[in-house]
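# Tertiary structure, described
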Amino acid sequence: MGRGRAHGRLDKAPSVDPRCHAQSPFCARGRRGGGLPTVQPEDGLVVFLLRSEGLGRHHEPFLSELQSHFPGLQGLWSSYRESLGFYSFLMKRNFTLSWDPLFGTSSGATPLLLDKGGDPIWCNVGASCFTSVEGGSMEAASVVKVAEMTGENFNQMAAWVQSQNATATPFDLWTVYNGTGSNMTVQFDARDSNGYVQGVIAKLSSIGANFIGSVTARRSRLALYSDAAKPLGNGSDIFGPKSKQQALAKDMLKFFSYFRPGQTLMERARSTIGILVEVMYYKRFFIYRDDTYWQLQMIYPYFAVTDEFWPLPKAAYDFPFLL
């Protein structure tokens, strides 16, 4: 397998190892595969931005684990998770569109560790899901009208969403910033639900959806701060039987084990000490992106929960059928 890049993109969806077990049925109330019936081209639809406090039910176990290690993290539970909602005038139905990890958020930070060694298994796969809200309201802390579009626009978007499910589905929890302050740049962007909404909105604008320009969206991130990222190679380079990096492999497996879910109180205390030693003494953090392991050279403040505000595209014409 080839090496990935900091901003790499996979050509196809990664295969799911049979040893990965979903924490809950994905798209439980939607159609299998995240599909949606085709709407009539002459239909008119309203687009809503759905905002909920917290980063979603899939994030909660991992955020709880992370907060137990770093109780000083400010704003952890005031983060926001955004998704999209749609109302069809001809069908008189609501739909929601969200993107989530299939195997729980902890899989975006730690692999499935094998007792017998070998290349760790990463279950960090996500996908988007359309859900029909039959006769009910869309569940969110706030529901804001942001755009209108035609049924033809909607069908174009639905086809694009399906293609994204097939070609861009790894789930990655961390946003890695290179540096701090006003000069910092994003070196590794998170591939999470909030970032996905940002991408869908950009797509909707490009295919002709008409936005209300005064609306501002908010994206919450789990951030790491680093001044260098060193590529270490893929799994076979590090963990394979012919690897010459056995010491590194041992250190990495130990590091990833600190973030495993379901630890006892005593194990959690030991893991907290282990993480602090790694981050504050050795100044290092290991991540896995696009078939490549990376070692980050960490700098203060190490971790943070950040909010990014960004304006939606501006309106191009009046709104003839907006509610």
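Residues numbered from 1 in each chain as written. Predicted model: local features only at pLDDT ≥ 70, side-chain atom pairs only at ≥ 80, totals over all residues. Heavy atoms only, no water.

Turning our attention to the overall build of the protein. A count of helices and strands for the protein gives six helices and eleven strands. Residue burial in the protein is summarised as follows: out of 323 residues, 52% are buried. Long-range contacts, defined here as pairs at least 24 residues apart, represent 82% of the contacts in the protein between residues at least 6 apart. Looking at the protein as shown, the accessible area adds up to about 15,400 Å², and 53% of this sits on carbon and sulfur atoms. (Helix = DSSP H or I, 4+ residues; strand = E, 2+ residues; numbered from the N terminus. Buried < 20%, exposed > 50% of the residue type's maximum accessible area, 1.4 Å probe, protein only. Contact = heavy atoms within 4.5 Å. Areas by Shrake-Rupley, 256 points an atom, 1.4 Å probe, with all protein chains shown as cover.)

To continue, consider helix H6 (residues 265–281). With 17 residues, H6 ought to run about 24 Å at 1.5 Å a step, and its terminal C-alpha atoms sit 23 Å apart, in line with that. Within H6, the full set of buried residues consists of Ser271, Thr272, Gly274, Ile275, Glu278 and Val279. (Expected span 1.5 Å × (residues − 1).)

Quick look at the nonpolar core now. Within the largest apolar cluster, 63 residues are counted, with the highest numbers of intra-cluster contacts made by Phe86, Met157 and Phe285. Considering every element that reaches this core, the biggest residue donor is strand S11 (residues 292–311), with eight residues. Formed by six residues, the second largest nonpolar core is a distinct cluster that contains Leu102, Phe103, Ile121 and Val125. (Core = buried A, V, L, I, M, F, W, Y, C linked by side-chain atoms within 4.5 Å.)

Turning to the packing of helix H2 (residues 151–167) against helix H3 (residues 193–206), a few remarks are in order. Running from N to C, H2 and H3 cross one another at 140°; their axes reach a closest spacing of 10 Å. It follows from the interaxial angle that H2 and H3 lie oblique. Once H2 is placed against H3, the crossing between them reads as right-handed. Side by side, H2 and H3 meet where Met157, Trp160 and Val161 of the first sit next to Tyr196, Gly199, Val200, Lys203 and Leu204 of the second. The class makeup of the residues in the contact of H2 with H3 is six nonpolar, one polar and one charged. (Axes fitted to C-alpha atoms, helices over the stretch in contact; angles between N-to-C directions. Parallel < 35°, antiparallel > 145°, perpendicular 65-115°, else oblique. Left-handed = near helix turned anticlockwise from the far one by under 90°. Nonpolar A, V, L, I, M, F, W, Y, C, P; charged D, E, K, R; others polar.)

This next bit is on the pattern of salt bridges. When the charged atoms of two side chains with opposite charge come close together, those side chains can pair. Evaluation of the coordinates by the stated rule reveals eleven salt bridges. Asp172 is the partner of Arg289 in a salt bridge, and the nearest nitrogen-oxygen pair spans 3.3 Å. Of this pair, Arg289 sits in strand S10 (residues 284–289) while Asp172 sits in the loop between H2 and strand S6 (174–178), and the two are 117 residues apart along the sequence. Residues Arg289 and Asp172 agree in their burial class; the two are buried. For Glu267, the salt bridge identified is with Arg260, shortest N-O distance 3.7 Å. (Salt bridge = Lys/Arg side-chain N within 4 Å of Asp/Glu carboxyl O.)

Turning next to a nonpolar patch on the surface. Taken together, the side chains of Ile273, Val277, Tyr281 and Tyr282 make up a nonpolar region of the molecular surface, amounting to roughly 450 Å² of accessible area. Secondary-structure assignment places Tyr281 in helix H6. Judged by its relative accessible area of 63%, Tyr281 falls in the exposed class. (Patch = residues over 30% accessible without salt bridge, like charges linked within 9 Å, V, L, I, M, F, W, Y side chains within 5 Å.)

This part takes up the sheet that holds S6. The five strands lie next to each other as S7-S6-S9-S11-S10, forming an open sheet whose pairing is mixed. The open sheet has two free edges, formed respectively by strand S7 (185–188) and S10, since each of these has just one partner strand. Averaged over all pairs of adjacent strands, the angle between their axes in this sheet comes to 50°, without regard to strand direction. Two elements, S10 and S11, share six bridges in a ladder whose sense is antiparallel. When the sheet's bridge partners are listed, Tyr288 is paired in S11 with Tyr293. This element, helix H5 (residues 246–257), spans strand S9 (216–233), S10 and S11 of the sheet and lies at about 90° to S10. Those strands touched by H6 are S10 and S11, and its axis lies near 90° from that of S11. (Pairing = 2+ DSSP bridges.)

Turning our eyes to something else, we now look at the confidence of the model for the protein. Looking at the protein, the pLDDT average stands at 78 and 75% of residues meet or exceed 70. Here helix H1 (residues 60–69) is the element of the protein with the lowest mean pLDDT, 49, and S10 is the one with the highest, 94. Low pLDDT, under 50, characterises residues 71–78; the predicted model gives this stretch 16 contacts beyond four residues in sequence or across chains. Counting contacts from residues 319–323, a segment whose pLDDT is below 50, to residues more than four positions away or on other chains yields 20 contacts. (pLDDT = per-residue confidence, 0-100.)

Quick look at the packing of aromatic side chains now. Under the criterion given, the structure shown has 24 aromatic pairs. Arranged with centres 5.3 Å apart and planes meeting at 90°, the rings of Trp122 and Phe256 form a pair that is edge-to-face. Separated by 134 residues along the polypeptide, Trp122 in the loop between strand S3 (93–101) and strand S4 (126–133) and Phe256 in helix H5 bring together distant segments of the chain. Across the pair, exposure class does not vary: Trp122 and Phe256 are buried alike. Chaining the aromatic ring pairs together yields one cluster made of Trp122, Trp174, Phe239, Phe255, Phe256, Phe259, Phe285, Phe286, Tyr288, Tyr293 and Phe303. The positively charged end of Arg284 is found above the aromatic ring belonging to Tyr282, 5.0 Å away from the centroid. (Phe/Tyr/Trp six-rings, centres within 6.5 Å; stacked < 30°, edge-to-face > 60°. Lys NZ or Arg CZ within 6 Å of the ring centre and 35° of its normal.)

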